[in-house]
There are 2 protein chains.
Amino acid sequence: MERKEISNAVIKRLPRYHRYLGELMESGVERISSNDLSEKMNVTASQIRQDLNNFGGFGQQGYGYNVEYLYNEIAKILGIDRQNNMIIIGGGNFGQALTNYSNFERRGFMIQALFDVSHERIGKSVRGIRTLDMKDLEEFLSGCHIDIAVLTVPKNSAQEVADRLIACGIKAIWNFAHLDLKVPDDVVVENVHLSESLMQLSYRISEKRDKEGSGQNS
Amino acid sequence: MERKEISNAVIKRLPRYHRYLGELMESGVERISSNDLSEKMNVTASQIRQDLNNFGGFGQQGYGYNVEYLYNEIAKILGIDRQNNMIIIGGGNFGQALTNYSNFERRGFMIQALFDVSHERIGKSVRGIRTLDMKDLEEFLSGCHIDIAVLTVPKNSAQEVADRLIACGIKAIWNFAHLDLKVPDDVVVENVHLSESLMQLSYRISEKRDKEGSGQNS
DNA sequence: TAGATTGTTAATCGATTAACAATC
DNA sequence: TAGATTGTTAATCGATTAACAATC
């Protein structure tokens, strides 16, 4: 029995449920109804129940959901109940920032190495994580299992690096480069396009500016 | 006459259109049909035409779209045809990485200052951009116009900082803190929740793992 | 048992795709 | 003019919300 196909919209909401449940746990809340959670999160109770029931019946009629249980179940669904080994390709600004950001580790995302081409960076350690020579990528990957490769290289070398990673068997890429990678079907890519996010914000600013402008004229 | 309400789905696609049109321009392409663009971008031609026609008729029957013209029109729609002044609050890993990332400037997003509470950081400059004392935030904002505040502070101080920014008249926040900010209706927030992005990737990895597992058994 | 709240089906809403008349 | 391709209306598809029977 396979999972039925889950829509992207649902997958996007799961981490947010997980976050709110974590906060409820921290404040000692033991159980919560879809209705109470919906008010906290500003979504409909119906949506919460629909979303969760894609994966199973985690609640109990007349009671609601046990916070800790649901938190752990969502963690399992998200695959963060286990260790995920990562490498970061590109030791520039973002590569180093991500390496320094120790929060990922708390969720089981362990950075095993950083790769770069610059001889100024190679050999140095960031938070105990070695910066290795990009030349040695293939050798490194043949020696250990890496679940996720983080791509923080310039746009013009991103595809080439991705190809090398995929040739080594990497199946998941967290892509910070500002382009759409071409990858085989069995490789998953999650994009973080910061400039596109910033442009969306900019859109909303100018949309507001337009509205105010026309408002004054009416 | 006001813009009609544009759906979020459309807004998210605009920066990607802009990016592809920019690349076409660079390779010297003068005109393109919705059909050719749709093949490049892996969307339907219908969607491209529908999206664009939310904002006006930019094409010409029998000809298609002029690449440079459309590129510039989308830039206007996105509000990136003008300068946007930004400040970054939080001079940690991400704050510094964003400050160092000079690509934003090319799109008119100018970082005017960096703010921090740490005396080790205050007074130092990153790429010519001063790190100021968080204490002086209100004074600074009274003296110049800032369009966007970038929030790269720890989760537990983010709301407090946001409140201060809003009190100073900031209307747009690019939020990297891992929480949902509470802001008035006239303030726009764009979130970059990196851990949620990483969890979505993790979900897809484990989804694939499940499928393969069940495949072997069948 | 009565009350509460889920799980799930049905209804609605919105977004995407298809089709085609308008027009360059 | 004929061919190409848009702008736009109509049809379809999918996601969200509402409703309610099941059940703890």
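Anyway, here's the lowdown on the structure attached to this text. (Residues numbered from 1 in each chain as written. Chains lettered and ligands numbered in written order. Predicted model: local features only at pLDDT ≥ 70, side-chain atom pairs only at ≥ 80, totals over all residues. Heavy atoms only, no water.)

1. Some remarks on helix α4 (residues 67–78) of chain A
All names here are of chain A.
- Look at α4: 16 Å from first C-alpha to last across twelve residues, which is about the 16 Å you get at 1.5 Å a residue.
- Among all positions in α4, only Val67, Leu70, Tyr71, Glu73, Ile74, Ala75, Ile77 and Leu78 are buried.
- N-capping of α4 is provided by Asn66, with a side-chain oxygen placed 3.2 Å from the backbone N of Glu68.
- Gly79 sits one or two residues past α4 and shows a positive phi near 75°. (Helix = DSSP H or I, 4+ residues; strand = E, 2+ residues; numbered from the N terminus. Expected span 1.5 Å × (residues − 1). Buried < 20%, exposed > 50% of the residue type's maximum accessible area, 1.4 Å probe, protein only. Polar contact = N/O pair within 3.5 Å; in protein donor to acceptor, adjacent residues only side chain to side chain.)

2. Here's the deal with the pairing of strand β9 (residues 172–175) of chain A
Residue and element names in this part refer to chain A.
- Side chains Ala172 and Trp174 project from β9 onto one buried face, and the interleaved Ile173 and Asn175 project onto a second face that is buried too.
- With three bridges connecting them, strand β8 (residues 148–151) and β9 associate as parallel partners. Paired with Ala149 across the strands is Ile173, a residue of β9.
- As judged from the four bridges shared by β9 and strand β10 (residues 188–191), these two strands associate in the parallel manner. (Pairing = 2+ DSSP bridges.)

3. Structural notes on the protein's contact with DNA strand D
- Looking at DNA strand D, there are 25 residues lining it, with Ser46(A), Gln50(A), Ser34(B), Gln50(B) and Tyr65(B) nearest.
- Of all DNA strand D atoms lying within 4 Å of any protein atom, the proportion belonging to sugar or phosphate reaches 56%.
- Contact between DNA strand D and Gln61(A): a base oxygen at 3.3 Å from a main-chain N or O atom of the residue.
- Among the elements of the structure, α1 (8–26) and α3 (45–53) of chain A together with α3 (45–53), β2 (59–60) and β3 (64–66) of chain B are those that each provide at least two residues to the surface near DNA strand D.
- For the surface near DNA strand D, the element with the most residues is α3(A), which contributes four residues.
- A per-class count over the surface near DNA strand D returns four nonpolar, 18 polar and three charged. (Near = heavy atom within 4 Å. Nonpolar A, V, L, I, M, F, W, Y, C, P; charged D, E, K, R; others polar.)

4. A few points about the relation of the copies chain A and chain B
- Mapping chain A onto chain B leaves a residual RMSD of 0.0 Å; the transformation is a rotation of 180° accompanied by 0.0 Å of translation along its axis. In the structure described here, the two chain copies are related by an operation that fits a two-fold rotation axis. Using C-alpha coordinates, one finds that chain A approaches the rotation axis most closely at Ala97(A), a distance of 3.2 Å.
- An overlap of 100% is found between the interface residues of chain A and their copies at the interface of chain B, pointing to a shared contact surface. (Least-squares fit on C-alpha atoms with pLDDT ≥ 70 in both. Contact = heavy atoms within 4.5 Å.)

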